[in-house]
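# Descriptive structure summary
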Amino acid sequence: MSKKKQLTEAQEQLMAVGEDFGKGFSLFGLAIKNVRTYAWMNLKVCFTFAALAFLLCLFTVYNVALNDYRDNLVYGSISANYFYTQYEKTVNSFKEEYPEVTVESEDSYLQYSYEKDVRDIYGWGGTVTPTTAYFTFEADGVKYNAKKALTMQTDAADDGFFNRFDYLELKYKFSLTSPWLVGGAPKEADEFAIAQPLLEAYGLTAEDVMGKTVSVYMKDTREGHDPLLFEFSGRVCGVIRSEYFQTAGHNASDETYPMLLFPTSAPHFSVKGRTLTRYRLFFKEWPEEEVAYLWQTEFVGCYRGYSNVSGLRHLDSVQTLASNLYIIIGSSLVVGLILTVFLMIDKYMKVFSRSGGILLTFGMRRSQLYALLFLQLLILCALAIPLSFVLTAAGYTVINLIVSWGTHINLVLSTGKIVIMLLLGIAVVFAIALAFFGYAVFKLRNRTIKEFLGAIVD
């Protein structure tokens, strides 16, 4: 079809639009007809709107996802940012060698050692800590044997054992405000707290033991031997929730989680040769990876957060690369698309001027004409918004796959962030359309009907 024939058909369609207005058609109906009259041009405008929203949303969403991932590393493992040792001289040595490191707080707690008990049974020592298989619980006269093997760690601390960073990680990861499922820290010598996972290993719940006097004892399990090697009785004053044992600094791979927690005044912590002191230093900031490596090698295994620091610094490199790409590539594309929009406005205004002149001839008021233009752009927005969502989702998926393949970082957006992304896309598309509308009205405001009709479309 020749360009001249296309122009003739478009003019006929515009005349039909004018006649429709004369018959009392609604502005919305006229807007749809106008959009259909120059469908290809409107489609290009719509796609440009969507592409602009896509670029702005994609880079914004990707940076938000990276920040979320970083927050998850920082706050989702903050309980691991501490130095742990059983030797006071090691703590002093660390402080002397690294005086510039900001220690937010430090503490110490007691730990009951079962080495002598193990030696009495098997004739050998070492640092073996028996599991629940060696222990029997007795509550309300009923004996319970473990159904699951867990390390039985018994600690004592008058300050409740837990640190501010434990609370921060519990809040961030699980939206919890306390490590206590019920009750609280032991205060009296005949009280103790127990871990929820330990109760579950014996098939018990917090309700089964809370506020009751419970006996825990360890027997020589060899055939023909039945002496009590370790025994205590006390009132259960609190249950430590299972989420605490999922934090980075106190999971099953560490030695810093209490399955049984006592006050330091508990009698069995005064037994000579059975009590060890553990020291902890909590750092205000995460160290650089090189510093963490020095701590890890010089004080073998004493710094708990080494693996977390490594992941954090790796992510910082990815964030720097992403930011550079955003500035260089994203900015160039956005500027290019904005220029494209303004180049398209000129042609769009010429086309709209022709149809507007016909409509003004049929009696349309200027305010109605501008309202018609606004409705046309609104229709384009309605088409551009879902298209921008699809493009953003596809782009985010592709980039995430590439990043995951190259860096092993898998980014996940929360539902709340996805909703924000959608709202951002809608806002961007409408902002572009409003800018388009404002510019068009500014250019058309002083034109006469003759100038409207005389507009030449290239």
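For the structure itself, look to the data block above.
Residues numbered from 1 in each chain as written. Predicted model: local features only at pLDDT ≥ 70, side-chain atom pairs only at ≥ 80, totals over all residues. Heavy atoms only, no water.

Counted under the stated rule, the structure contains seven salt bridges. For R241, the salt bridge is made with E243, and the minimal N-O distance between the two is 3.9 Å. Exposure remark for R241: the relative accessible area of 14% places this residue in the buried category. E243 gets classed as partly exposed once you look at its relative accessible area, which sits at 22%. (Salt bridge = Lys/Arg side-chain N within 4 Å of Asp/Glu carboxyl O. Buried < 20%, exposed > 50% of the residue type's maximum accessible area, 1.4 Å probe, protein only.)

With 52 residues, the main nonpolar core has V45, F49, Y348, L369, L372, L373 and F436 as its most contacted residues. Of all the elements in the fold, those that place two or more residues in this core are α2 (27-37), α3 (39-75), α10 (306-361), α11 (366-407) and α12 (415-444). When residues no more than four places from it in sequence are discounted, the contact partners of F49 are V341, A384, V429, I432, A433 and F436. (Core = buried A, V, L, I, M, F, W, Y, C linked by side-chain atoms within 4.5 Å. Helix = DSSP H or I, 4+ residues; strand = E, 2+ residues; numbered from the N terminus. Contact = heavy atoms within 4.5 Å.)

Attention now goes to helix α6 (residues 164-174). Each full turn of the α-helix corresponds to 3.6 residues, which orients residues three or four apart in the same direction. Where α6 is concerned, the buried positions are F165, D166, E169 and L170. Mapping the buried residues of α6 onto a view down its axis gives an arc of 135 degrees, with all of them on the same face. Against α3, β2 (103-112) and β11 (275-283) lie the buried residues of α6. Of the residues that open α6, the one with a side-chain oxygen 2.9 Å from the backbone nitrogen of F165 is N163. Backbone geometry just after α6 places S175 at a positive phi near 55 degrees. (Arc of directions from axis to C-beta. Polar contact = N/O pair within 3.5 Å; in protein donor to acceptor, adjacent residues only side chain to side chain.)

As for its position among the elements, F389 is in helix α11. The spacing of F389 and I426 is 37 residues in sequence and 9.1 Å in space, taken between C-alpha atoms. The contact partners of F389, leaving out residues within four places of it in the chain, are L422, G425 and I426.

Right, let's talk about the pairing of strand β3 (residues 135-139) for a bit. On a regular strand, each side chain points to the face opposite its neighbour's, so the side chains alternate between the two faces of the sheet. Across the five residues of β3, four count as buried, placing the element largely inside the fold. Judged from the five bridges that link them, β3 and strand β8 (residues 213-219) form a sheet pairing that is antiparallel. Bridge pairing in β8 places A139 opposite V214. As paired elements, β3 and strand β4 (residues 142-145) share four bridges and run antiparallel to each other. Residue T136 lies in a different strand from β4, and its bridge partner there is N145. (Pairing = 2+ DSSP bridges.)

When you line up the elements, Q111 lands in strand β2. In this structure Q111 comes out as buried when scored by relative accessible area, which is 8%. Only 3.2 Å separates the side chain of Q111 from the side chain of D155, close enough to count as a polar contact.

To describe a pair of aromatic rings, you give the distance between the ring centres and the angle between the ring planes. All chains considered together, the criterion is met by 28 aromatic pairs. Plain terms: the ring middles of Y109 and F161 are 4.8 Å apart, the flat faces sit at 70 degrees to each other, and that makes the pair edge-to-face. Remark: F161 occurs in the loop between β5 (154-156) and α6 and Y109 occurs in strand β2; sequence separation between them is 52 residues. No difference in accessibility class separates Y109 from F161, as the two residues are buried. Above the ring of F161, the side-chain terminus of R280 is found at 4.4 Å from the ring centroid. The ring of F442 has R445 sitting right over it, with the charged end atom 4.1 Å from the ring centre. (Phe/Tyr/Trp six-rings, centres within 6.5 Å; stacked < 30°, edge-to-face > 60°. Lys NZ or Arg CZ within 6 Å of the ring centre and 35° of its normal.)

This part covers the side chain of Q153. Tracing the backbone through its elements, the reader meets Q153 in the loop between β4 and β5. Among the residues examined, Q153 registers a relative accessible area of 8% and is labelled buried.

For the rest of this paragraph, the subject is a nonpolar patch on the surface. Side chains of F374, L378, F430 and L434 sit close together on the surface and give an oily, nonpolar patch of about 320 Å² of accessible area. Listing elements by their share of the nonpolar patch, those giving two or more residues are α11 and α12. Topologically, F374 is positioned in helix α11. We classify F374 as partly exposed; its relative accessible area is 33%. (Patch = residues over 30% accessible without salt bridge, like charges linked within 9 Å, V, L, I, M, F, W, Y side chains within 5 Å. Areas by Shrake-Rupley, 256 points an atom, 1.4 Å probe, with all protein chains shown as cover.)

Residues T90, V91 and F94 constitute the buried set of helix α4 (residues 88-97). Along α4, the residues classed as buried sweep out an arc of 100 degrees about the axis, all on the same side. What points out from α4, more than 90 degrees from its buried face, is the exposed set K89 and E96. Buried residues belonging to α4 abut β1 (82-85), β11 and α9 (289-298).

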